[in-house]
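Structural description and commentary
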Amino acid sequence: MSGMEDTAAAPATRPRRTGWLSLWFNRRGWADITIATPFLWLVVFFLLPFLIVAAMSFALRTSTSPPFSFGTDGHLLSLQNYARLLTDDLYIRSLATSLMNAAVATVVCLLIGYPMALALTRVSRSARNILLMLVILPFWTSFLLRVYAWIGLFGTNSWFNRGLTAIWNALAPADWALHSIQMMNTNFAVVLVMVYSYLPFMVLPLYANLEKLDLTLNEAAMDLGSRPWRVFLDVTLPLSMPGIIAGGLLVFIPVSGELVIPGLVGNPSQPMIGRVISDEFASAHDWPMASAVAVALLLLLVVPMMLYTHFEAKAQEKKAMEP
Amino acid sequence: MDSGIKGAPLAAATASGAAGGAPFIRIEDVSKSFGSFQAVRNVSLQITKGEIFALLGGSGCGKTTLLRMLAGFETPTSGRIFIDGQDMTGIPAYERPVNMMFQSYALFPHMSVEKNIGYGLKHDRMTDAQRKDRVREMLDLVQLTPFAHRKPHQISGGQRQRVALARALARQPKLLLLDEPLAALDKKLREHTQFELTNIQHKTGVTFVVVTHDQEEAMILSDRMAVMDKGRVMQVGSPTDIYEFPDSRFVAGFIGSITFFEARVRSVSGATALVEVPAMQTCVTARAVPGLAEGALVTLALRPEKITLSRARPEAANAFSGVVHDLGYFGKDSLYKIALPDGTTVSVNSVNARRSGESGRVAVWEDAVWLSFEPDAAILLTA
Ligand SMILES: Nc1ncnc2c1ncn2[C@@H]1O[C@H](COP(=O)(O)OP(=O)(O)OP(=O)(O)O)[C@@H](O)[C@H]1O
Ligand SMILES: [Mg+2]
């Protein structure tokens, strides 16, 4: 964008017309372009569509095409959709289910992914490459195929279900004994498949963070009397917080809007928010309502995060200023 | 040559260790291999309580590895380490009465200066008030009280180094290990900190083992030092011992500058030996060392400041002549390079005691000069 002004101004100051373009490119053009490209991409494919969605959320549903219009009842902007969002408990319940499932899936991903990432940093270089490869390998088969494979496993006659049932029967008191475990169409299945699908998104940022940690810090803590577990709590864990946050967000955010997994293995009477948005758009043709739900979800995810970073930065600044 | 070196350090170590009373730290025939590579070879050392002991040697000679074995981060492949009479074999780092100041300082980046210093006290049985007092005392010792709440990245390199020292001293270890403690500091700060370190050691009475590759630093800091080469200890002694009485060509050449001459023993009578030095085209007398045999080939070593220059032939017992090949004027002294008839170059350092212009110098380029030295000044080396 700043390049436009340059191209306009350059010919006037440059005597040779053939030179100015290459001069501009060599001086700063490449830098401008490299920086501007991802920005343009975000503006065109994320910010503008989102603004459209946000605007649409203030419109009303009509039976025209496209099926919405602004300001039919005198007001240009209608808050009707947002009012419905707060009153109709379908939205609140599905939002709660989504956030709940996403939170559980994120925590489980962290509990499984952290030891995996830590182990990756501790093994030899050649073993590390093979293990990293294995973490990424599932991406090479179709996501849908892998979910369907899970559907097979959840079935009451599968070895997986029978194995889990046997374990349950062995551990639980006799009068709680089960024939088989109902796994299909439960939140358990949803969370399990989510954890399975999104685990690499937790492991990779954590690994990138843990791999950078200076191992002499561990030695220093040990030298000062800490046993290995204490060293982990005092040094490794706090220093890996950025990795935990990055991995957590990379799992939590897409999982809370997840549509496919709950659609295939979830409980249809307990929809997640992704399903609700999709239904409003596709079945109910209520684009404004779908937009309002989408905006609400985004605000719910982004605002707490922004507040957190804001106050965290403030607190850091304040601490540094202390005498 | 190699077999002669092996025998010497063991004897020297036992001799000086026994002199200082019961040894506080005993390193017995310790070796460490990484795969097929031997980083530390058959090292035996005895370190006395309350002394500053320096490990000096070139890069990769195994100093850090030896230190890490004392701290408990590496296990010796063979041999044993005793600290205060206790065998350290199998005792993990967190249970040793030893603290280390790391070469990179290894301060915890997420903790304030205060928290860093107090970290090791968490495990000691003391009340919160005692802990606070101890941290305050340590902050005071290293003069960092105003920076107690800063994070390590908010203080200077020299301050970080003092935090690392305070943190290592806070638990009152029996032994403090310092790996190149001053390497990251600039020259001026380094000199200042050297004296500070010695001061703190005197105040606390803790035994220090300091690793360094800087010979001057080792000389200034240490009560005794060990010179290492390729995983072996070559010589142990006080800085004066090491400088004035090196017992191998390696140690003599490693510390300070020196000129070596090939020589042959003519005769040994009591404390002096008469040796023939072809490069000097004469026989000279020198202080005898054990193991001299008549007719044997030895090395005669002379330090530049032990040689006197003169224009006329001096009265001294040991004199030889050469031509000034090069000279450098450094203000307080001048360094001469004298070429001998056979091509050997001898370095001579002479203090500019009198105030004079260029014409007042002992000699200038291409002048023929006489060099002389006391029999005591010459070092005879059989290895
Ligand atoms: N973990 C290890 N694995 C393999 N070789 C090692 C290891 N640690 C050290 N070495 C080797 O052992 C030798 C001695 O290393 P050490 O770190 O003790 O040297 P140093 O005397 O401290 O050198 P510097 O003055 O450069 O720090 C080196 O050749 C080094 O390459
Ligand atoms: Mg080292």
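It should be emphasised that the depicted structure is a prediction, and the values quoted were computed from it without experimental measurement. (Residues numbered from 1 in each chain as written. Chains lettered and ligands numbered in written order. Predicted model: local features only at pLDDT ≥ 70, side-chain atom pairs only at ≥ 80, totals over all residues. Heavy atoms only, no water.)

A short note on the pattern of salt bridges
Residue and element names in this part refer to chain A. For clarity, the threshold we go by: The salt bridge criterion pairs a side-chain nitrogen of Lys or Arg with a carboxyl oxygen of Asp or Glu, the two atoms within 4 Å. Secondary structure elements are defined from DSSP: runs of H or I of at least 4 residues count as helices, runs of E of at least 2 residues count as strands, and each element is numbered from the N terminus. Note on classification: 1.4 Å probe, protein chains only; a residue is buried when its accessible area is under 20% of the maximum for its type, exposed when over 50%, partly exposed between these limits.
All told, the structure shown has 26 salt bridges over all chains when counted by the stated rule. Residue D286 pairs with R84 through a salt bridge whose shortest N-O separation is 3.3 Å. Taken together, the residues D286 in the loop between helix 13 (273–282) and helix 14 (287–321) and R84 in helix 3 (residues 80–87) connect sequence positions 202 residues apart. Accessibility expressed as a relative area gives 31% for R84, which makes it partly exposed. Residues D234 and R230 are paired through a salt bridge, measuring 3.1 Å at the closest nitrogen-oxygen approach. Here D234 and its partner R230 are both found in helix 10 (residues 228–239), four residues apart, which amounts to about one turn of the helix.

Focus on the pairing of strand 10 (residues 232–237) of chain B
All names here are of chain B. In plain terms, the rule: DSSP-based pairing: two strands are paired if at least 2 bridges between them are found.
A large share of strand 10 lies buried, amounting to six of its six residues. Taken together, the five bridges between strand 9 (residues 224–229) and strand 10 define a ladder with antiparallel strand orientation. If you follow A226 over to strand 10, its bridge partner there is V236. Once strand 9 ends, the chain turns through two residues before running back antiparallel as strand 10, passing K230 with a positive phi of about 45°.

Topic: the packing of aromatic side chains
All names here are of chain A. Selection rule: Stacked, edge-to-face and tilted are the three classes for Phe, Tyr and Trp ring pairs, Trp counted by its six-membered ring, which pair at centre distances within 6.5 Å; planes under 30 degrees apart are stacked, over 60 edge-to-face, the rest tilted.
Evaluated as defined, the whole model comprises 20 aromatic pairs over all chains. Residues F58 and Y82 carry aromatic rings whose centres are separated by 5.4 Å and whose planes lie at 40° to one another, so their mutual orientation is tilted. Note that F58 is positioned in the loop between helix 2 (19–56) and strand 1 (60–61) and Y82 in helix 3, a separation of 24 residues in sequence. Given the relative accessible area of 25%, F58 is considered partly exposed. Judged by its relative accessible area of 19%, Y82 falls in the buried class. With a centroid separation of 5.5 Å and an interplanar angle of 70°, the aromatic rings of W150 and Y196 are classed as edge-to-face. Linking W150 in helix 6 (residues 143–154) with Y196 in helix 8 (residues 187–212), this pair joins segments that are 46 residues apart in sequence.

Structural notes on the site of ligand 1
Residue and element names in this part refer to chain B. What counts is decided by this rule: In these notes, residues near a molecule or strand are those with any non-hydrogen atom within 4 Å of it. Pairs of N or O atoms are called polar contacts if they sit within 3.5 Å, as long as, within protein, a hydrogen donor faces a hydrogen acceptor (for residues adjacent in sequence, only side-chain-to-side-chain pairs). Each residue gets one label: Ala, Val, Leu, Ile, Met, Phe, Trp, Tyr, Cys and Pro are nonpolar, Asp, Glu, Lys and Arg are charged, and the others, such as Gly, are polar.
Ligand 1 sits among F34, F37, A39, G58, S59, G60, C61, G62, K63, T64, T65 and E180. With respect to ligand 1, the side chain of S59 contributes an N or O atom lying 2.6 Å from an oxygen atom. One nitrogen or oxygen atom from the side chain of T64 is found 2.5 Å from an oxygen atom belonging to ligand 1. When residues of the shell around ligand 1 are traced back to their parent elements, those giving at least two are strand 2 (37–47) and helix 2 (63–71). If you tally residues by element for the shell around ligand 1, the top one is helix 2, at three residues. Its residues assigned to classes, the shell around ligand 1 comprises four nonpolar, six polar and two charged.

Points about helix 7 (residues 159–171) of chain A
Residues and elements named next belong to chain A. Let me state the cut-off plainly: One less than the number of residues in a helix, times 1.5 Å, gives the span that helix is expected to have. The arc in question is traced by the directions running from the helix axis to the C-beta atoms. A contact between two residues is defined here by any heavy atoms of the two lying within 4.5 Å.
Look at helix 7: 18 Å from first C-alpha to last across 13 residues, which is about the 18 Å you get at 1.5 Å a residue. Within the span of helix 7, buried status applies to F160, N161 and T165. Down the axis of helix 7, the sector holding all buried residues measures 130°, keeping them to one side. Helix 7 presents W159, R162 and A170 as exposed residues on the side facing more than 90 degrees away from its buried surface. Next to the buried residues of helix 7 lie helix 6 and helix 8.

Points about the packing of helix 6 of chain A against helix 7 of chain A
Residues and elements named next belong to chain A. The condition is simple: Whenever a helix is involved, its axis is fitted only over the stretch in contact; in every case the axis is a line through C-alpha atoms, and angles between N-to-C directions fall within 0 to 180 degrees. The scheme is simple: roughly parallel for angles under 35 degrees, roughly antiparallel for over 145, roughly perpendicular for 65 to 115, oblique for anything else.
Across the interface, helix 6 lies against helix 7 with an axial gap of 6 Å and an inter-helix angle of 50°. Here helix 6 lies oblique to helix 7, going by the angle between them. Facing helix 6, whose interface residues are W150, L153 and F154, helix 7 presents W159, F160 and N161. Partitioning the contact of helix 6 with helix 7 into residue classes produces five nonpolar, one polar and no charged.

Observations concerning the nonpolar core
A general tendency of soluble globular proteins is for nonpolar side chains to be buried together. Definition in use: Residues belong to a common nonpolar core when they are buried Ala, Val, Leu, Ile, Met, Phe, Trp, Tyr or Cys residues joined through side-chain atoms within 4.5 Å.
One finds I27(B), L45(B), L55(B), L66(B), F108(B) and L177(B) to be the most contacted residues of the largest nonpolar core, which totals 44 residues. With five residues, helix 2 of chain B is the largest single contributor of residues to this core. The residues contacting L66(B), other than those within four sequence positions of it, are I27(B), V40(B), V43(B), L45(B), L55(B) and M228(B). Within the second largest apolar cluster, 35 residues are counted, among which are F160(A), V190(A), L199(A) and V251(A).

Considering the environment of D88(A)
Mapping D88(A) onto the fold places it in the loop between helix 3 and helix 4 (89–122). Taking relative accessible area as the criterion, D88(A) reaches 31% and is therefore assigned partly exposed.

Here we look at helix 6 of chain A
Residues and elements named next belong to chain A. Taking 1.5 Å of rise per residue, twelve residues should cover 16 Å, and helix 6 covers 17 Å from first to last C-alpha, within 8% of that figure. Listed as buried for helix 6 are R146, V147, W150 and F154. Viewed along the axis of helix 6, the buried residues span an arc of 100°, placing them on a single side of the element. If you follow the buried residues of helix 6, they end up packed against helix 7, helix 8 and helix 12 (260–265). Regarding helix 6, its N-cap is S142, as a side-chain oxygen of that residue lies 3.2 Å from the backbone nitrogen of L144 further along.

Topic: the side chain of K32(B)
All names here are of chain B. With respect to the secondary-structure elements, K32 resides in strand 1 (residues 25–34). For K32, a relative accessible area of 10% puts it in the buried group. A polar contact is formed between the side chain of K32 and the backbone oxygen of T75, at a distance of 2.8 Å. Contacts of K32, omitting those with residues within four sequence positions, involve F37, Q38, A39, V40, T65, M69, E74, T75, P76 and T77.

As for the sheet that holds strand 13 (residues 282–287) of chain B
Note: strands within a sheet are paired through backbone hydrogen bonds, in either parallel or antiparallel orientation. Residues and elements named next belong to chain B. Spatial ordering of the open sheet is given by 13-12-11-14-20, a layout of five strands whose pairing is antiparallel. Sheet topology places strand 13 and strand 20 (379–381) at the edges, where each strand pairs with a single neighbour. Recorded for the sheet is a direction-independent mean angle of 45° between the axes of neighbouring strands. Alignment of strand 11 (residues 259–269) against strand 12 (residues 272–277), held across five bridges, turns out to be antiparallel. From the neighbouring strand, S269 faces strand 12, where its bridge partner is T272.

Re a nonpolar patch on the surface
Selection rule: For patches, a residue must show more than 30% relative accessible area and have no salt bridge; joins then use 9 Å for like charges and 5 Å for nonpolar side chains, namely Val, Leu, Ile, Met, Phe, Trp and Tyr. Areas reported here follow the Shrake-Rupley algorithm with a probe of radius 1.4 Å; residue values treat only the protein chains shown as occluding.
Side chains of L40(A), W41(A), L42(A), V43(A), V44(A), F45(A), F46(A), L47(A), L48(A) and L51(A) sit close together on the surface and give an oily, nonpolar patch of about 980 Å² of accessible area. Along the chain, L48(A) turns up in helix 2.

Regarding the pairing of strand 9 of chain B
Along a regular strand, successive side chains alternate from one face of the sheet to the other. Residue and element names in this part refer to chain B. In terms of burial, strand 9 is largely enclosed, as six of its six residues are buried. As defined by bridge partners, strand 3 (residues 52–57) adjoins strand 9 across five bridges and the pair is classed as parallel. Looking at the pairing, G57 lines up with M228 of strand 9.

Looking at the interface of chain B and chain A
Definition in use: Throughout, buried area stands for the accessible area (probe radius 1.4 Å) lost by two parts on being put together, summed over both.
Listed per partner, the contact involves 27 residues of chain B and 22 residues of chain A. Here chain B and chain A share an interface that buries about 2,100 Å² over both sides, 56% of which is from carbon and sulfur atoms. Between D234(A) and K122(B) there is a salt bridge, and its shortest N-O distance comes to 2.8 Å. Summed over the shared surface of chain B and chain A, the result is ten residue pairs in polar contact (both at pLDDT 80 or more). Every element with two or more residues in the side of chain B that touches chain A is listed here: helix 2 and strand 6 (98–101) of chain B.

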